[in-house]
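Analysis of the macromolecular model
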Amino acid sequence: MRKIEPILDVKNLYTRFYTESGVVEALDGVNFDVGYGEPVGIVGESGCGKTVTSHSVLRILPKNGRILQPPSEIYYKGVNLLDLTDEQMRHVRGKEAAMIFQDPMTSLNPIFKISDQMVEVIQLHRKVNKNEARDIAIEMMEAVGIPDSAERIDNYPHQFSGGMRQRILIARALALQPSLLIADEPTTALDVTIQAQVLEIIKEMQKQFGLALMLITHNLGVVAEITKRVHIFYGGRVVESGPTEEIFVNPFHPYTRALFDSIPSLEQDKTRLETIPGTVPQLINPPQGCRFHPRCKYATEICRMARPPDVWVTETRRVQCHHWEELDLTIDKEKVKEVRRSTVSVEGV
Ligand code: SF4
């Protein structure tokens, strides 16, 4: 087993949504952890369970969502969050574990000044008076690169660009001094030119404040740039985990390898992009056995019949595949370089 001390340790997480069409098995025994001060990537296509995982951790699921207990456990600093009262969870959210969402506009109230929205939240979670809270807010806005923060703090959200609004949300999250930052596709709603700047800020802040970071993304280039470890999600399960450096050279799971193959190469003389055949599984009625089997070129009978077990291959590498030992999925060096440079997401591959 691996030896890193986790700040967040998710074990056997099963999350279900009860809909008129049936029960959606959104998370099906998810296991992963994030170490103290460690930047970790959560990667996979849309609908694979990345966002549901973060919402389950913070217990902000919609009314029709339920975490099955037992066997689910979500340990944060050694405490099972599923045992906490709603009041205790309110303290965890923001003060302990802060989240940055995809669309900065929906997280800011357009009718209130930034100062109102930051100062109130800071006062709610830290023992400071209004003036001190305002000073903290200005300091954090400066830290994330908002010019003239002392004046601009009294502007309204619409007076900022999308990139600046996302910086404000990062500043607001960090002002609470969380130990864990969950960033859910934080650049999806932004212009490509702004995305790199916002990611650079997240990277800088993670280092500066020694934050544990759970970065949810479709973009393998971003994962390479920011994270030390990565968990690959597919069909509501974690199919592979390990150090980013190692997985980028030698993945053990066919889905991970297929994600790399779907990144276009500048060297390739191809008019069509590689895609993973088939579509992401419907989680109301998911495939039996390995959920990737309908799309996997290595699938055999056992893959169709039995769920692959979680196997610790080394102290730091874990995989869910019946055939990982027989497969050589090594990625060539040039391809690795391409992926590192890439800004292409794996969305919808
Ligand atoms: Fe493919 Fe079988 Fe491995 Fe699933 S268990 S990824 S179907 S080889």
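Notes on the structure follow. (Residues numbered from 1 in each chain as written. Predicted model: local features only at pLDDT ≥ 70, side-chain atom pairs only at ≥ 80, totals over all residues. Heavy atoms only, no water.)

This model, assessed by the stated rule, comprises 4 cavities of 30 Å³ or more. The space that makes up the largest cavity amounts to roughly 90 Å³. In terms of lining, the largest cavity is formed by 14 residues, of which the most central are P254, C290, C296, C303 and C321. Quantified by volume, the second largest cavity comes out at close to 40 Å³. Taken together, Y234, R237, V239, H253, C290, R291, F292, P308 and Q320 make up the lining of the second largest cavity. Residue composition of the lining of the second largest cavity, grouped by class: 5 nonpolar, 2 polar and 2 charged. (1 Å grid on protein atoms, 1.4 Å probe; cavity = no way out; pocket = protein on both sides within 12 Å on 5 of 7 lines; lining within 4 Å. Points joined across faces, edges and corners; volume = space filled by probe spheres on them. Nonpolar A, V, L, I, M, F, W, Y, C, P; charged D, E, K, R; others polar.)

Attention now moves to the site of the ligand. The immediate surroundings of the ligand are formed by 13 residues, with C290, C296, C303, C321 and H322 found nearest. Tallied by class, residues from the shell around the ligand come to 9 nonpolar, 4 polar and no charged. (Near = heavy atom within 4 Å.)

In this section: the environment of Q206. With respect to the secondary-structure elements, Q206 resides in helix 8 (residues 192-209). The class of Q206 is buried, set by a relative accessible area of 8%. Taking C-alpha positions, Q206 is 36 Å from E325, a pair spaced 119 residues apart along the chain. Contacts of Q206, omitting those with residues within four sequence positions, involve G37, E38, P39, L211 and L213. Among the polar contacts listed, one links the side chain of Q206 to the backbone oxygen of G37, at a separation of 3.0 Å. (Helix = DSSP H or I, 4+ residues; strand = E, 2+ residues; numbered from the N terminus. Buried < 20%, exposed > 50% of the residue type's maximum accessible area, 1.4 Å probe, protein only. Contact = heavy atoms within 4.5 Å. Polar contact = N/O pair within 3.5 Å; in protein donor to acceptor, adjacent residues only side chain to side chain.)

What follows covers the layout of surface pockets. Here the largest pocket is characterised by a volume of approximately 510 Å³. Lining the largest pocket are 21 residues, with G94, M99, V121, R172 and L176 sitting closest to its centre. Within the residue set of the lining of the largest pocket, elements represented by two or more residues are helix 2 (86-96), strand 7 (97-100), helix 4 (114-125) and helix 7 (162-175). Top contributing element to the lining of the largest pocket by residue count: helix 4, with 6 residues. Residue assignment places the lining of the largest pocket across two domains, with domain 1 (35-58 + 85-96 + 178-349) and domain 2 (105-177) each supplying three or more. (Domains from an automatic or database assignment.)

This part takes up the sheet that holds strand 10 (residues 229-234). Across the sheet, which stays open at both edges, the 8 strands sit in the order 7-8-9-3-10-11-13-12 with mixed pairing between neighbours. Edge positions in the sheet fall to strand 7 and strand 12 (311-312), since each of these pairs with one other strand and no more. Relative to strand 9 (residues 212-217), strand 3 (residues 39-43) is paired through 5 bridges, and the arrangement is parallel. Each bridged residue has a counterpart across the sheet, and for I42 the counterpart in strand 9 is I216. Relative to strand 10, helix 11 (residues 254-261) is tilted by about 100 degrees, and along the sheet it contacts strand 3, strand 10 and strand 11 (237-243). (Pairing = 2+ DSSP bridges. Axes fitted to C-alpha atoms, helices over the stretch in contact; angles between N-to-C directions.)

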